[in-house]
Amino acid sequence: MNDPRRTLTVSLAERSYPIHIGSGLLSEAGGLLAQATKGAVVIVSNATVAMHHLAPLRASLDAAGLRIEVILVPDGEAYKNFDVLSDVLTRLIEFKAERGTLLLALGGGVVGDLAGFAAAIYQRGMPYAQVPTTLLAQVDSSVGGKTAVNHPLAKNMIGAFWQPVSVIIDTDTLRTLPDREYRSGLAEVIKYGAIRDAGFFAWLEEHADGLVARDPAALAHAVDVSCRIKAAIVAADERESGERALLNFGHTFGHAIEAEAGYGAWLHGEAVAAGMVLAARLSAELRGETPVVAERIVSLLTRVGLPVAPPKMTLARWLELMGRDKKVERNAMRFVVLEGLGHARLRANVPESALRSLLA
Ligand SMILES: NC(=O)c1ccc[n+]([C@@H]2O[C@H](COP(=O)([O-])OP(=O)(O)OC[C@H]3O[C@@H](n4cnc5c(N)ncnc54)[C@H](O)[C@@H]3O)[C@@H](O)[C@H]2O)c1
Ligand SMILES: [Zn+2]
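No experiment lies behind these values; they were computed from the predicted model shown.

Visitor: An account of the sheet that holds strand β2 (residues 17-22) is requested, with residue identities and associated values reported.
Guide: Strand order in this open sheet of seven strands is β1-β2-β9-β6-β5-β3-β4, and the pairing throughout is mixed. Here the strands that pair on one side only, and so sit at the sheet edges, are β1 (6-10) and β4 (67-73). The average angle at which neighbouring strand axes cross in this sheet is 20°, direction not considered. Two elements, strand β3 (residues 40-46) and strand β5 (residues 102-107), share four bridges in a ladder whose sense is parallel.

Visitor: Please give an account of helix α2 (residues 47-63) that cites residues and values.
Guide: An ideal rise of 1.5 Å per residue puts 24 Å on 17 residues; α2 measures up with 23 Å between its terminal C-alpha atoms. At H53, α2 shows its largest kink, close to 60°, and the proline P56 lies no more than four residues downstream. Residues V49, A50, H53, L54, L57, S60 and L61 constitute the buried set of α2. Buried residues in α2 make contact with α1 (29-33), β3, β4 and β5. At the N-terminal end of α2, a side-chain oxygen is found 3.0 Å from the backbone nitrogen of T48, two or three residues along, and the residue is N46.

Visitor: So what's going on with the environment of A222? Residues and values would help.
Guide: Among the secondary structure elements, A222 is positioned in helix α9 (residues 216-236). Judged by its relative accessible area of 2%, A222 is buried. What A222 contacts, discounting residues up to four positions off in sequence, is V189, F200, W203 and L211.

Visitor: How would you explain the pairing of β3 if you had to name every residue and give the values?
Guide: Summarising burial for β3: seven of the seven residues are buried, a large majority. Of the two faces of β3, the one holding A40, V42, V44 and N46 and the one holding V41, I43 and S45 are both buried throughout. Two strands pair when backbone bridges link them, and β3 and β4 are joined in this way by seven bridges, in the parallel orientation. Within β4, the position partnered with N46 by the bridge is V73. Considered for its hand, the β-α-β crossover made up of β3, α2 and β4 is right-handed.

Visitor: How would you sum up the packing of helix α6 (residues 179-196) against helix α11 (residues 268-287)? Please name residues and give values.
Guide: Two elements in contact, α6 and α11, have axes whose closest approach is 7 Å; the angle formed by their N-to-C orientations is 40°. With respect to their mutual orientation, α6 and α11 come out oblique. Like other packed secondary-structure pairs, α6 and α11 cross with a definite hand, here left-handed. Residues R180, S184, A187, E188, I190 and K191 of α6 pack against H268, G269, E270, V272, A273 and M276 of α11. Grouping the constituent residues of the contact of α6 with α11 by class yields five nonpolar, three polar and four charged.

Visitor: Residue-level account of the site of ligand 1, with values.
Guide: Close contacts around ligand 1 come from 26 residues, with E77, G109, T133, T134 and T176 the closest. Here N46 contributes a side-chain N or O atom positioned 3.1 Å from an oxygen atom of ligand 1. For ligand 1, an oxygen atom lies 3.1 Å from a polar atom in the side chain of K155. Protein burial of ligand 1: of its 860 Å² of free accessible surface, 86% is covered by the chains. Of the residues contributing to the shell around ligand 1, the split by class is five nonpolar, twelve polar and nine charged.

Visitor: Can you explain the layout of surface pockets? Please cite residues and give values.
Guide: Its volume calculated, the second largest pocket comes out at about 210 Å³. What lines the second largest pocket is a set of 14 residues, and nearest its centre among them are E14, R15, W162, Q163 and P164. Considering only residue class, the lining of the second largest pocket consists of eight nonpolar, two polar and four charged.

What counts and what doesn't
- Chains are numbered independently. Their residues run from 1 in the order of the written sequence.
- In the order they appear in the text, chains get letters beginning with A and ligands get numbers beginning with 1.
- Under the rules for a predicted model, residues below a pLDDT of 70 receive no local features and side-chain atom pairs below 80 are neither given nor counted, while totals for whole chains, interfaces and linings still include all residues.
- The basis for every side-chain value is the complete set of heavy atoms in the structure, and neither hydrogens nor water enter the calculation.
- At least two bridges found by DSSP between two strands is the condition for calling them paired.
- Helix numbering and strand numbering both begin at the N terminus, where a helix is a DSSP run of H or I of at least 4 residues and a strand a DSSP run of E of at least 2.
- Helix axes use the C-alpha atoms of the stretch in contact, all axes being lines fitted to C-alpha atoms, and the angles between their N-to-C directions lie in the range 0 to 180 degrees.
- A helix is expected to span 1.5 Å for every residue after the first.
- In this scheme, the bend at a residue equals the angle between the axes fitted to the seven residues that finish there and the seven that begin there.
- When a residue's accessible area, from a 1.4 Å probe over protein chains only, is under 20% of the maximum for its type it is buried; when over 50% it is exposed; and in between it is partly exposed.
- Contacts were defined at the residue level, with two residues in contact if any of their heavy atoms lie within 4.5 Å.
- The term polar contact refers here to a pair of N or O atoms within 3.5 Å; inside protein, the definition further demands a hydrogen-donor-capable atom paired with an acceptor-capable atom, and it admits residues adjacent in sequence only when both atoms are side-chain atoms.
- Whether a crossover is right-handed comes down to one check: with the strands pointing away from the viewer, does the path from the first strand over the helix to the second run clockwise; if it does, it is right-handed.
- Angle categories: roughly parallel below 35 degrees, roughly antiparallel above 145, roughly perpendicular from 65 to 115, and oblique for all the rest.
- Whether a crossing is left-handed or right-handed is set by the direction in which the near helix is turned from the far one by less than a right angle, anticlockwise for left-handed and clockwise for right-handed.
- Classification convention: Asp, Glu, Lys, Arg as charged; Ala, Val, Leu, Ile, Met, Phe, Trp, Tyr, Cys, Pro as nonpolar; all other residues, Gly among them, as polar.
- By convention in these notes, a residue is near a molecule or strand provided one of its non-hydrogen atoms lies within 4 Å of it.
- What sets the accessible areas is the Shrake-Rupley method with a 1.4 Å probe; for residues, cover comes only from the shown protein chains.
- Lining residues are those with an atom within 4 Å of a point, where the points come from a 1 Å grid over the protein atoms alone and group into cavities, where a 1.4 Å probe fits but cannot get out, or pockets, open sets with protein on both sides within 12 Å along at least five of seven lines.
- Grid points are joined across faces, edges and corners, and a volume is the space filled by probe spheres set on the points.

Written out as structure tokens, the structure is:
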């Protein structure tokens, strides 16, 4: 667990790529990425992230003899849109970026999704690398190749599967992350334990305080295991035709909470935290069991400072909001449920009666 550096592989045949995890990796990006470009790198970031983390990255790429351009996009989910995408593409044309130029996303999930989508469509596809700087981006959005922008009518509706050539996770970048953002990312970490790995869940229970304190060794281990779990699921089901949907544990309820509160009022991880509690209780209800697993999830989430109860909503409102979720197929209510800690499965046709007693 104390090994400060590790490299995992996302196994996708000829599109396989490494995830480098460790402390101080921004300063090694030049060496790690030199093979991935014919000489030029375009960094996409925002002013908030650039202020903290651009300098060491740039120095390292510079030392590797690469030509560097920087595109700063405005900070915030509201800017993950067509206009900003178009601006990024314009700048790429102005820079005379070629297919051999490497696009590098330095930032959270917003920058990663936007830059990744730009890379997917610029000249029908250019290589890109992810350098995620939020916990959510490190354990979730940078791994798996989903890229997107938001449509005015729906979030993440327009995008592409486009795998990066490399992911570089410098855990030191999390030191500057606001506390609420950091805790929000822990929700996804806890999710991996809940759906896939009871041993990891128990490890999280044991190291909750260290994680909240951002202890570097605990953090590196948590990011490592989370990325391994996501990488394995993505490798088995790149296009989300089955198993990948298990990653949505807690998300159907969570998306409804985000929508009800207005996007941004609850951070994604906060909504997912309360959503996981509901999903775990639903799992127990459907199996006629006492909600022992749900209570363990409640207690761990509480310890890391995440919400465990949703805002007040009528059943009709829940159903309306969950029906709008794009993961709902053909009107049958599908939920990711737990068959014990560490074992998630997709459950179709969940009866409304089960939801009624849960959400009353
Ligand atoms: N592609 C996927 O598979 C996938 C998965 C999950 C989420 N997402 C997407 O990710 C996005 C959310 O990502 P997010 O939670 O990282 O939000 P974000 O990118 O908006 O980052 C949150 C805030 O933290 C700032 N920030 C980032 N790194 C920082 C650092 N090291 N220090 C200080 N401030 C820093 C950002 O500028 C921003 O203000 C959503 O758009 C969501 O749709 C994508
Ligand atoms: Zn999520």
